[in-house]
Amino acid sequence: MGYDDVIPLLGDFGRYQKRIYFLLCLPAILCAFHKLGNVFLVAEPKYRCQLPSELPNSSYELDAREWDLWYPKIADERYSQCEIIIDNKTQNCDTFIYDHTLYGYTAVIEWQLTCDSAYLIATGNSIFMVGVMIGSIGFGEMSDRWGRKKTFFLSLVIQVVFGALAGFAPEFWSFSIARAVVGATTSGVFLVAYVIGLEMVGPSKRMIAGTVCHMFFSLGYMLTTVFALYITEWRSLQLALTAPGIVFLSYWWLIPESCRWLINQNRTDEAKRLIHEAAKVNQVTIAEETLESLLVPECARAKENADPKQTSVINIFRYPNLRKRSLIIFFDWFANNITYYGLSWNTNNLAGDPYLNFVISGAVEIPGYLFLILTLNRWGRKFVMCGCMILSGCALLLTIVVPADMQWLTISLAMIGKLSITASYGAVYIFSTEQFPTVIRNAGLGAGSTCARVGSITAPYINILTRIWQPLPLLIFGALSFVGGVMSLVLPETLNRKLPETFEEGEKFGRRVRDEQDIHLNGVQTRARTESDTTRRILMDKEGE
C-alpha cells in the first residue's frame, strides 16, 4: 500500500492535478527557448572577404564579374568565403562582409566565428550540452535528496540570472560558459517538473501527462522562431528568451512538493495535508483513518530503507536485471538525443527559408506526440518506442540512395526521421520513468538524461561531417536509432503496472514477468510431455494386445 492506492480515491487526473500539471508544463516552453535558441543566436550567415576598396558596412551582393575577379572557386563551383585574389595571388583574409538579410546581427558576426574559427559554433553548442549533462546529474540527485520543489525553484533562479549574463557577455567563452550554466538548469526545471507531474497522476494517465508536457516543449520550439524573426540583434534575443523565466518565480507559492517523495521521506503529515488539499479541490472526501492505513505502512517501510547510500543511482549496478535494463535504456537515451538534436540543429543547412524549416521541424513533433497519446496505452510503451526508433533509423538510412538532384526527398526522409524520433523520445521518458524505483526515480531519469547529453554534445561535430560526405551525419543518426530500437525489444512492458518503490522491487520488475512466462511455458511443455508419454503408453499397450 502507498500513494498509488491514494490516487484512485483522489481521482487519477482530477481538477487539482490538472491545474498543477498545466502550471508545470509551461516552463517546458522556456526550456525550449534556451535549448534551441543557439540556432539563431549563433546562426552563421553568408560572408565573403572584404574587398580593398570596400567599407565594413558594404552590401554583401556583388555582380558576377566581381565574384570571378576577386574570389577563387572551390568544390561544387562555389566561391571561397575565406580567400581573396589580390595581385593574382590567393590569400586568406581577416575582415569580412556579411549578408544580413536572413539573420540580422548574430554572435558569429560580432566575434567573427568564421573560416578557421567556424568550429567554435559547434563547440558552443557542445559546451551548452555539457552543462545540460552536468545538470542532469546534479539536479537529479538533488531532487531525490532535497525535494522536487526546492530543486525546481533553485534551477529557475539560476536560469534567469545566467540567461541575463549571457546577454551581456563580452566575448565568446564567457557567453558559452553562461549558456552552459543555463543548460544545466534546464535539467532542473524540465526534468523535475516532469517527474512531479507524473508522480501526481494515476497509472492510466501517466502516458498523457508525460506526452503533453513534451508538446509544450514543441510549442516553445516553434515560438523561438517568432522571437528570432522580430528580434534580429542577438543580445536582445538572448534577453527576450530569458525574461519569461521571471514570471515562473511565482511558482514557489503555486506548486506543491511531490506527495510521493514526501511519503518516501517519511514526512507523513505534510503528505496528508497536501492530499486533503487536493481532495477538497477535487470535491472528494478521504477519511483520516483511510490515509493512516494507506500511508503509515508505506512510510514505515521507507524509513527502514532510508539508508542514504541506497539512494544513489550507482546502486542499480548491484542488481543484474536492473543493471541490464538500465544500460539498454541509457543507450536509448543516447541514440534518441543525438538524433533529435542532430536533426534540429541541422535545419539551417536545408534548402529554403531557414525560419520556415525550423518551424516545420518543430511542427512535425506534434503529430509524433499525438501518435503517442493514441497508441501508448493500447500498444504498450515498449513496442511503440522500439517501432518509432526502427522507423526513424530506416528513414535516415534511406537517404544514402537519394539522388543529389532530389533534395526534397532527402528533406522529406529527414522529417519522417524527426517525427519518428520525436515520438520515440517522448516514449523513452515515460518508459524509463516507469522502470526505475521511486528511491532513485529522478536520479535514474537524470542518469538517462546524462547519457542523452553525451549524444547532443557529439551531434554538432557529427553535423560538420557534411563537409566530408553530405549524407554521413544522417547515416550515423539512423544507424544509432535502428540499433537502439532493436536492442529495446528485450525490455519488459510497463503499461498499467504498479511503479516499483525499492531496489528489490525494481530488480523483480522485469524478471517477474519473464519468470511467469517461463513457468507458463514450462507448464505447457510438461503437460505436452505428459500427454505424449500417455499416448505412447496407450499405443504400446495396444500393440501388446
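Structural data are supplied above this passage.
Quantities reported herein were computed from a predicted structural model and do not represent experimental measurements.

What about the overall build of the protein?
When its secondary structure is counted, the protein shows 21 helices and four strands. By the burial criterion, 54% of the 545 residues in the protein qualify as buried. Sequence-distant contacts in the protein: of pairs separated by 6 or more residues, those separated by 24 or more amount to 79%. Within the structure as shown, the protein displays about 23800 Å² of accessible surface, and the carbon and sulfur contribution to it stands at 63%.

Remarks on a nonpolar patch on the surface
Judged by side-chain polarity, Phe383, Leu397, Phe482, Val483, Val486, Met487 and Leu489 come together as a nonpolar surface patch covering roughly 560 Å² of accessible area. The set of elements that each furnish at least two residues to the nonpolar patch consists of helix H17 (381–397) and helix H20 (472–487). It is H20 that contributes the most residues to the nonpolar patch, four residues altogether. Examined against the element boundaries, Phe383 turns out to sit in helix H17.

Topic: the nonpolar core
Val6, Ile275 and Tyr429 are the most contacted members of the largest nonpolar core, which has 116 residues in total. For this core, the element with the most residues is helix H2 (residues 15–36), which contributes 13 residues. Not counting residues up to four positions away in its chain, the partners in contact with Ile275 are Tyr3, Val6, Leu10, Cys259, Ile286, Leu291 and Leu295. Counting 13 residues, the second-largest nonpolar core is a separate cluster that includes Tyr47, Cys49, Leu51 and Trp67.

Looking at the packing of helix H7 (residues 148–167) against helix H8 (residues 172–199)
At a minimum axis distance of 8 Å, the contact between H7 and H8 shows a crossing angle of 155°. Judged on the interaxial angle alone, H8 and H7 are roughly antiparallel. H8 is crossed by H7, and the crossing has left-handed handedness. Here the contact of H7 with H8 is built from residues that sort into 15 nonpolar, seven polar and three charged.

Quick look at the packing of aromatic side chains
Scanning all chains against the criterion turns up 30 aromatic pairs. Centre to centre, the rings of Phe40 and Phe358 are 5.0 Å apart; their planes meet at 70°, and the pair counts as edge-to-face. Remark: Phe358 occurs in helix H15 (residues 354–363) and Phe40 occurs in helix H3 (residues 38–41); sequence separation between them is 318 residues. Take Phe40 and Phe358: they sit in the same class, and that class is buried. Each ring, one from Trp111 and one from Phe172, has its centre 6.4 Å from the other, and the planes form 80°; the classification is edge-to-face. A residue pair is termed long-range when its members are at least 10 positions apart, and Trp111 in helix H5 (residues 107–111) and Phe172 in helix H8 qualify at 61 residues. Taking relative accessible area as the criterion, Trp111 reaches 16% and is therefore assigned buried.

Quick look at H17
Taking 1.5 Å as the rise per residue, H17 with 17 residues should run 24 Å; its terminal C-alpha atoms sit 24 Å apart, in good agreement. Listing the buried residues of H17 in full gives Arg381, Lys382, Val384, Met385, Cys386, Cys388, Met389, Ser392, Gly393, Ala395 and Leu396. Taken together, the buried residues of H17 touch helix H9 (206–230), helix H14 (320–344), helix H16 (365–379), helix H18 (407–435) and H20.

What about helix H19 (residues 441–464)?
The terminal C-alpha atoms of H19, which comprises 24 residues, lie 36 Å apart, in line with the 34 Å expected from a rise of 1.5 Å per residue. In H19, a bend of some 35° at Thr458 exceeds every other bend along the element, and Pro460, a proline, comes one to four places later. Extensive coverage of H19 is indicated by the burial of 19 of its 24 residues.

Considering empty space enclosed by the protein
Empty space among the atoms becomes visible once a probe the size of a water molecule is rolled across them. This model, assessed by the stated rule, comprises six cavities of 30 Å³ or more. Here the largest cavity defines a volume of roughly 110 Å³. As for the largest cavity, its lining consists of 14 residues, of which Tyr3, Tyr16, Met200, Glu257 and Cys259 are closest to the centre. Looking at the lining of the largest cavity, the elements that each hand over two or more residues are helix H1 (3–10), H2, H8, helix H11 (259–264) and helix H12 (268–281). Residue composition of the lining of the largest cavity, by class: nine nonpolar, two polar and three charged. Each pocket or cavity is described by its volume, and for the second largest cavity that value is around 90 Å³.

Concerning the state of the cysteines
Using the criterion set out here, one finds two disulfides in the structure. Across the disulfide from Cys49 sits Cys93; the S-S distance is 1.9 Å. Disulfide Cys49-Cys93: the torsion about the S-S bond is -70°, which places it as left-handed. One end of the pair, Cys49, is in strand E1 (residues 47–49); the other, Cys93, is in the loop between strand E3 (89–92) and strand E4 (96–98), with 44 residues separating them in the sequence. Neither residue differs from the other here; Cys49 and Cys93 are each classed as buried. Take the cysteines of the protein that form disulfides and number them in order along the sequence; they join up as 1-3, 2-4.

What counts, and at which threshold
- Residues numbered from 1 in each chain as written.
- Predicted model: local features only at pLDDT ≥ 70, side-chain atom pairs only at ≥ 80, totals over all residues.
- Heavy atoms only, no water.
- Helix = DSSP H or I, 4+ residues; strand = E, 2+ residues; numbered from the N terminus.
- Buried < 20%, exposed > 50% of the residue type's maximum accessible area, 1.4 Å probe, protein only.
- Contact = heavy atoms within 4.5 Å.
- Areas by Shrake-Rupley, 256 points an atom, 1.4 Å probe, with all protein chains shown as cover.
- Patch = residues over 30% accessible without salt bridge, like charges linked within 9 Å, V, L, I, M, F, W, Y side chains within 5 Å.
- Salt bridge = Lys/Arg side-chain N within 4 Å of Asp/Glu carboxyl O.
- Core = buried A, V, L, I, M, F, W, Y, C linked by side-chain atoms within 4.5 Å.
- Axes fitted to C-alpha atoms, helices over the stretch in contact; angles between N-to-C directions.
- Parallel < 35°, antiparallel > 145°, perpendicular 65-115°, else oblique.
- Left-handed = near helix turned anticlockwise from the far one by under 90°.
- Nonpolar A, V, L, I, M, F, W, Y, C, P; charged D, E, K, R; others polar.
- Phe/Tyr/Trp six-rings, centres within 6.5 Å; stacked < 30°, edge-to-face > 60°.
- Expected span 1.5 Å × (residues − 1).
- Bend = angle between axes of the 7 residues up to and from the residue.
- 1 Å grid on protein atoms, 1.4 Å probe; cavity = no way out; pocket = protein on both sides within 12 Å on 5 of 7 lines; lining within 4 Å.
- Points joined across faces, edges and corners; volume = space filled by probe spheres on them.
- Disulfide = S-S within 2.5 Å.

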